[in-house]
Amino acid sequence: MARSGERADRSSAPEAASPSTDRRGGVWPILGAAGLYGLLHPYRGIDGDARLYVGRALADLDPAGIGRDLMFVHDGQSRFSLFPLLLRGLVEAFGPAQAALAVSLAGLVAWFCAAAALAAGLAGRGRWLVLAAMAALPASYGFPGVFRVGEALATPRTLAEAAVLASLGACAAGRDRLAGLLALLGCLVHPIMGLAGVAVLALVLAARDRRWLIALVALPLAALAAAALGLPLFDRLLQGLDPEFSAILRLRCADLFPSFWPGAAWGPIVVQGASILVGATLAPSRVRPILYAALGAGLTGVAVSALFGDRWPVLLMVQLQPWRFLWLTAVVGAAAFGLCAAGLWGRRADRLTLGLLALGWLFADDLVIAAGAGAMALALHTALRRTRIDPTPRVILVTGTLIGVLAASRLVFELSALTWLLGHRDEGAELRLGVIRNFSLVPTLAVGGGLVWTRAAGHRGARIVLGAGLALALVALWDERTVTARAIEARTALPGLAATVAHRPGAVLWLDGEAQAWLLLSRANWSSNLQGAGIVFSPVLARTWAERMDRLIAAGLAAPNDRAPFHPAGPRRPDDPPAAAVAILCAAPDAPAWIVVPLRERQDLPGNAGIFPLAAPVVTARTRPEGVSWHRTVAYGLLPCRG
């Protein structure tokens, strides 16, 4: 029986590569996959959540300056991770710009190596397709546009993801102890991301040995006992959400609550799930539990968040954010599509299943099409395996043509949209890889490029040309920072502004600002949208931040979307700060010391302490109810506030 099972595994799984094949062809495919991964994960500098972690490091090094920022005074999350200690040492030694770059590079290398290990464990000869799918497919999760995996950012997420992927690779190779240690390492770097790996390993072990089910039941009971005893952190299991705190979170952090997610958030889950269910039938039996567990952990996490974060809120569940287990579902879903591409290409009928899955990935942001394509792919694959149907060549041709027409229409639409953006962008605005990669045509182009790359494996001249072209593209395109962004990170931009601000202590209100006050002025932010990112871990921060944002919105110094960024776009604040509002704010006992105002061309700023021009304009795209508009900042004006 065991031998017949092994034969069945070999017949259904992609053929294993021989050692000689690995030596001849292993380097070239992995170079292509690494280059593809680099191009689709460009470096944006101290951006996104990297601003929070770099800011935390700067606050630790300057407790009397940046350390007085509300976000760091009421920080409720940094003490649960080793990452802030590492980043603080690097920032102290090399400065924020170089530290962020070094951590981002380390995270990318670790993530790719871990993904390669997992791909090798999931597939044989098809490992390169699996790795390429993990590198190229848009593995995003949760509220659209918020979280992506494997990002080139100085955050603990990428490093923790790498540890978890390496853990699953070790599990696939039968090294369970190493897998457990790597998953725990991921928890030490980023507990929320690492817990996804622990959950998957627990499910895999329970599938192999039912005695592990005892541990799965005992751990929640132990957590409840700890909560009943009032132990720190666990006591939050018995705490609900204060109504005021809940209202602030639902407005500023709508991404925490699945009931607020639009259809574009659910489409990827459906396609990833369908890919996993189909891919599991093509994988060796020893790794199938990993695929199923990755899907089960993600869906369970969403269900727990919906019940105990959304419907009957529990403080710890809201803060733990178990819906973020979906990150592992997203990565494994991409890997499973690679398994499908390797295993379904042989038979013409199976290609229909592959085509339906590809259609679902192309339309992942459309729940109706994604769900329809995923369901039909799963149903067709099941019927073909059970020989319930045997489509004729004409049926295959007609169905394949319909899939191709739908896919082509999507690609034409996106190409038209990209062309429009290129033609209507403002002078100085650049559409870099970080924006273009969000179009579905990018993975399609990547497939074409991968085919060309594979064909070149046997031709030395083609390898030299393609290798040099890929290297040049990485050098020219990977670092997306503008001249101004580089200067801000190096803390050399606007020296006159920094010198003037130095004459008066206190926090700075930088309108539309993010981390500029920390990086350029070494000052605390009086209020910013960025401070709202961490309010889920601190009710005190949430209330103080919300009160200040409400004051700024009422005064015309901030926009409603600064308070509720996940809600439909509305009008932005007036370009010219109302003089009466500035006077009222500056008369308040807790007023900031300075107000920094971004200025457009020929904009005046009465009563200012100076106007400080930028070396190059900063052009940003802004979404309005009527469409996309461009905003050019050419200088910053400084208003003295509290004396």
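For the structure itself, consult the block above.
Parameters and conventions
- Residues numbered from 1 in each chain as written.
- Predicted model: local features only at pLDDT ≥ 70, side-chain atom pairs only at ≥ 80, totals over all residues.
- Heavy atoms only, no water.
- Phe/Tyr/Trp six-rings, centres within 6.5 Å; stacked < 30°, edge-to-face > 60°.
- Buried < 20%, exposed > 50% of the residue type's maximum accessible area, 1.4 Å probe, protein only.
- Lys NZ or Arg CZ within 6 Å of the ring centre and 35° of its normal.
- Helix = DSSP H or I, 4+ residues; strand = E, 2+ residues; numbered from the N terminus.
- Pairing = 2+ DSSP bridges.
- Core = buried A, V, L, I, M, F, W, Y, C linked by side-chain atoms within 4.5 Å.
- Contact = heavy atoms within 4.5 Å.
- Polar contact = N/O pair within 3.5 Å; in protein donor to acceptor, adjacent residues only side chain to side chain.
- Disulfide = S-S within 2.5 Å.
- Expected span 1.5 Å × (residues − 1).
- Axes fitted to C-alpha atoms, helices over the stretch in contact; angles between N-to-C directions.
- Parallel < 35°, antiparallel > 145°, perpendicular 65-115°, else oblique.
- Left-handed = near helix turned anticlockwise from the far one by under 90°.
- Nonpolar A, V, L, I, M, F, W, Y, C, P; charged D, E, K, R; others polar.
- Salt bridge = Lys/Arg side-chain N within 4 Å of Asp/Glu carboxyl O.

Throughout the structure, instances matching the rule amount to 14 aromatic pairs. Considering the side-chain rings of Phe257 and Phe260, the 6.1 Å spacing of their centres and the 75° angle between planes classify their relative orientation as edge-to-face. Residue class for Phe257 comes out buried when judged on its relative accessible area of 0%. Residue classification places Phe260 among the partly exposed positions, given a relative accessible area of 37%. Ring pairing ties together the aromatic residues Tyr141, Phe147, Trp261, Trp266 and Trp323, which thus form one cluster. Between Arg250 and the ring centre of Phe257, over which it is positioned, the NZ or CZ distance is 4.3 Å.

Turning next to the pairing of strand β4 (residues 594–599). With six of six residues buried, β4 is to be regarded as a mostly interior element. Here strand β3 (residues 508–510) runs beside β4; their pairing, made up of three bridges, is parallel. Looking at β4, one finds that Leu509 is bridged to Ile595.

The next subject is the nonpolar core. Trp327 and Ile595 are the most contacted members of the largest nonpolar core, which has 143 residues in total. At 13 residues, helix α7 (residues 96–122) tops the list of elements feeding residues into this core. Setting aside residues no more than four positions away along its own chain, Ile595 makes contact with Leu509, Leu511, Val582, Leu585, Cys586, Gly637, Leu638, Leu639 and Cys641. Of all hydrophobic cores here, the second largest spans 27 residues; its members include Leu137, Val278, Phe337 and Cys340.

Let us now look at the side chain of Asn525. Of note, Asn525 is situated in the loop between α26 (516–521) and α27 (539–555). The class of Asn525 is buried, set by a relative accessible area of 2%. For Asn525, the side chain forms a polar contact with the main-chain oxygen of Glu514, separated by 3.1 Å. Ignoring any residue separated from it by four or fewer positions in sequence, one finds Asn525 in contact with Asp69, Ala507, Val508, Glu514, Ala517, Trp518 and Gln531.

Attention now moves to the state of the cysteines. Linking two cysteines covalently via their sulfur atoms produces the bond known as a disulfide. Tallied over the full model, the rule gives one disulfide. Here Cys586 engages in a disulfide with Cys641; their sulfurs sit 2.0 Å apart. In this structure, the disulfide formed by Cys586 and Cys641 twists by about -115° around the S-S bond and is classed as left-handed. Residue Cys586 is found in helix α29 (residues 579–587), and its partner Cys641 is found in the segment after β6 (627–640); the two are separated by 55 residues along the sequence. The structure places no disulfide on Cys113, whose sulfur is separated from the nearest cysteine sulfur, that of Cys171, by 20 Å. Not engaged in a disulfide, the cysteine Cys187 finds its nearest cysteine sulfur in Cys171; these two sulfurs lie 15 Å apart.

Taking 1.5 Å of rise per residue, 17 residues should cover 24 Å, and helix α9 (residues 156–172) covers 24 Å from first to last C-alpha, within 8% of that figure. By the criterion of burial, α9 is predominantly enclosed, with 15 of the 17 residues buried.

With that settled, the discussion passes to the packing of helix α11 (residues 191–208) against helix α15 (residues 288–311). Running from N to C, α11 and α15 point in directions that differ by 130°, and their axes come no closer than 8 Å. As judged from the angle between their axes, α11 and α15 are oblique. Viewed along their axes, α11 and α15 form a crossing whose handedness is right-handed. Taking contact as the criterion, the partners of Ala199, Val200, Leu203, Val204 and Ala207 in α11 are, on α15, Pro289, Ile290, Ala293, Ala294, Gly296 and Ala297. Classifying every residue of the contact of α11 with α15 gives ten nonpolar, one polar and no charged.

We now examine the pattern of salt bridges. As enumerated under the stated definition, the model contains 28 salt bridges in all. A salt bridge links Arg211 to Asp209; the nearest nitrogen and oxygen atoms lie 2.7 Å apart. By relative accessible area, Asp209 is classed as partly exposed at 23%. Here Arg347 ties to Asp350 by a salt bridge, and the two come within 3.8 Å at their closest N and O atoms. The class for Arg347 is partly exposed, based on a relative accessible area of 43%.

Turning our eyes to something else, we now look at the environment of Gly145. Mapped onto the fold, Gly145 is located in the loop between β1 (140–141) and β2 (147–148). Overall, the relative accessible area of 81% leaves Gly145 in the exposed class. In this structure the C-alpha to C-alpha distance between Gly145 and Asn438, which are 293 residues apart in sequence, comes to 9.0 Å.

Relative to each other, helix α14 (residues 263–280) and helix α18 (residues 348–362) sit at 155°, their axes nearing to 9 Å. When the axis of α14 is compared with that of α18, the two are roughly antiparallel. At the point where α14 passes α18, the crossing takes the left-handed sense. In contact with Val271, Gln272, Ala274, Ser275 and Val278 of α14, α18 contributes Thr353, Leu357, Gly360 and Trp361. Taken together, the residues of the contact of α14 with α18 sort by class into five nonpolar, four polar and no charged.

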